[in-house]
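As a plain string of letters, each chain reads:
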Amino acid sequence: MTLLAILAALLAAAFFGLWRTADRKVMAAKGKVPGSPIPQRPIQEIDPLFALTRFGPSRDTEVAHIAQVHVEGGISDLESWILCNLAKSARRIFEFGTATGKTTYLMARSAPEARITTITLHPDDLDSGRHEKTDDKALQTSARRESAFADFLYSGTDAAPRIEQLFGDSKAFDETAYLEAFDLIFVDGAHTESYVRSDTQKALAMLAPGGWLVWHDYVGPRVPGVFKVLNALSRTLPLVRIKGTTFVAHHKPAG
Ligand SMILES: C[S@@+](CC[C@H](N)C(=O)[O-])C[C@H]1O[C@@H](n2cnc3c(N)ncnc32)[C@H](O)[C@@H]1O
């Protein structure tokens, strides 16, 4: 094969990969997740904070914002607005998967009293991941690719003292020191099935009564780990898909 043909093949593969990512997000945002057993509702029907006024969302939903101009694995502007609003009534927040630290930073800015703990793989320690043989190979690769940061968007800001940064494999993380400690937990680490299952079990143990648990990237069988684990969980726990997003949420009853 000539160099030109190899380059053309690489470009086509990259384009196809980008198209698939964009496509599944658009499909999910439109509520099209074929075969999903999880009901979908608009955020304004899920939490009174988001109730619409005649002007649309109220001033009470104002948050810190930086636009999502493509960052791999990043959340959309609507997802960020929802998460930052849920953060405002949280005293303690936990995030599986820091990446650039953008979501961590925006939650900290939107919730000036909250303390945030966030865990990520260190770029020098990528081999500590414990994926299982059955875990999707492409998702293992993206988990490693997204682990590129050892300093973050929040580093050096006045939000930094309220952020506890953990480096390490989330399967090795001991959640027993944080039982029922967090009012908001965002599950957005490795997306392979065994990790989503493990992170979810830990998140459920760490969620305080009245707290919110939110998962990212519920887009159907193309991210099979998130799809399988949450579909199974929906048989025993009330879950809701948030319209216009790839979020699935669980609101733990207070008391
Ligand atoms: C999709 S990105 C997170 C995006 C981020 N939550 C945001 O909103 O911008 C996935 C993150 O999970 C982390 N990650 C991947 N595998 C991990 C593992 N085994 N343990 C802990 N973190 C992991 C990556 O380092 C990366 O920071």
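Sorry if this is basic, but what is going on with the overall build of the protein here?
The number of helices and strands found in the protein is 6 helices and 10 strands. Classification of the 255 residues of the protein by burial places 37% in the buried group. The long-range share in the protein, meaning contacts at least 24 apart out of those at least 6 apart in sequence, stands at 72%.

I tried to follow unusual backbone geometry on my own but got confused; where do I start?
A negative phi angle characterises most non-glycine residues, just as the trans form characterises most peptide bonds. Although it is not a glycine, A99 adopts a positive phi angle of roughly 50 degrees. Looking at the element boundaries, A99 is found in the loop between β4 (92–96) and α3 (102–110).

Explain the site of the ligand to me, please; I cannot follow it from the model alone.
Surrounding the ligand, one finds 23 residues, the nearest of these being G73, G97, T103, S147 and A190. Counting residues per element, the ones that place at least two in the shell around the ligand are α3 and β5 (115–120). A class-by-class count of the residues in the shell around the ligand yields 7 nonpolar, 11 polar and 5 charged.

Looking at this structure, how should I read helix α2 (residues 77–87)?
Residues spaced three or four apart along an α-helix face the same direction, because each turn holds 3.6 residues. The element α2 is extensively covered by neighbouring structure, given that 9 of its 11 residues are classed as buried. Within the span of α2, buried status applies to E79, S80, W81, I82, L83, C84, N85, L86 and A87. Buried residues belonging to α2 abut β4, α3, β7 (182–187), β8 (207–215) and β9 (240–242).

Please clarify how the nonpolar core should be interpreted in this entry.
Among the nonpolar cores identified, the biggest contains 54 residues, and A87, I93, M107, A108, L184, I185 and L230 are the most heavily contacted of them. Looking at this core, the element that brings in the most residues is α2, giving 6 residues. Contacts of L230, omitting those with residues within four sequence positions, involve I38, W215, Y218, L239 and V248.

When you look at the environment of R115 in this model, what are you seeing that I'm missing?
Mapped onto the elements, R115 comes out in strand β5. By the C-beta count within 10 Å, which is 16 here, R115 ends up partly exposed. Separated by 25 residues in the primary sequence, R115 and A90 place their C-alpha atoms 8.6 Å from one another. Dropping the residues within four chain positions of it, R115 is found in contact with R92 and R162.

I tried to follow the pairing of β8 on my own but got confused; where do I start?
A regular strand carries its side chains on alternate faces of the sheet. Bridge count for β7 against β8 is 5 bridges, and the pairing is parallel. Looking at the pairing, V187 lines up with W215 of β8. Looking at chain direction, β8 and strand β10 (residues 248–251) are connected through 4 bridges and run antiparallel. Counted as the bridge partner of L213 is H250 from β10.

Mind showing me how you'd approach the sheet that holds β4 here?
Read from one edge of the open sheet, 8 strands run β1-β9-β10-β8-β7-β4-β5-β6, paired in mixed fashion. This sheet does not close on itself; its edge strands, each paired only once, are β1 (40–41) and β6 (163–167). Along the sheet, α3 contacts β4, β5 and β6; its crossing angle with β5, the most-contacted strand, is approximately 175 degrees. Contacting β4, β7 and β8, helix α5 (residues 193–206) crosses the sheet at an angle of about 170 degrees to β7.

Would you mind going over the packing of α2 against α3 with me for this structure?
Helix packing for two helices is described by the angle between their axes and how far apart those axes are. At their nearest, the axes of α2 and α3 sit 8 Å apart, and the two run at 45 degrees to each other. In terms of orientation, α2 and α3 fall into the oblique class. Once α2 is placed against α3, the crossing between them reads as right-handed. Each of S80, L83, C84 and A87 in α2 lies in contact with α3, whose residues at this interface are T103, L106, M107 and S110.

Just checking my understanding: could you explain the pairing of β7 for this structure?
In terms of residue burial, β7 counts as a mostly covered element, since 6 of its 6 residues are buried. Relative to β7, β4 runs parallel, the two sharing 4 bridges. Each residue of the ladder has a partner; that of E95, found in β7, is F186. Note on the crossover from β7 through α5 to β8: the handedness is right-handed.

Rules of the game
- Residues numbered from 1 in each chain as written.
- Predicted model: local features only at pLDDT ≥ 70, side-chain atom pairs only at ≥ 80, totals over all residues.
- Helix = DSSP H or I, 4+ residues; strand = E, 2+ residues; numbered from the N terminus.
- Buried ≥ 20, exposed ≤ 12 C-beta atoms within 10 Å, placed from the backbone.
- Contact = placed C-beta atoms within 7 Å.
- Near = placed C-beta within 6 Å.
- Nonpolar A, V, L, I, M, F, W, Y, C, P; charged D, E, K, R; others polar.
- Core = buried A, V, L, I, M, F, W, Y, C linked by C-beta atoms within 7 Å.
- Pairing = 2+ DSSP bridges.
- Axes fitted to C-alpha atoms, helices over the stretch in contact; angles between N-to-C directions.
- Parallel < 35°, antiparallel > 145°, perpendicular 65-115°, else oblique.
- Left-handed = near helix turned anticlockwise from the far one by under 90°.
- Right-handed = clockwise from strand over helix to strand, strands pointing away.

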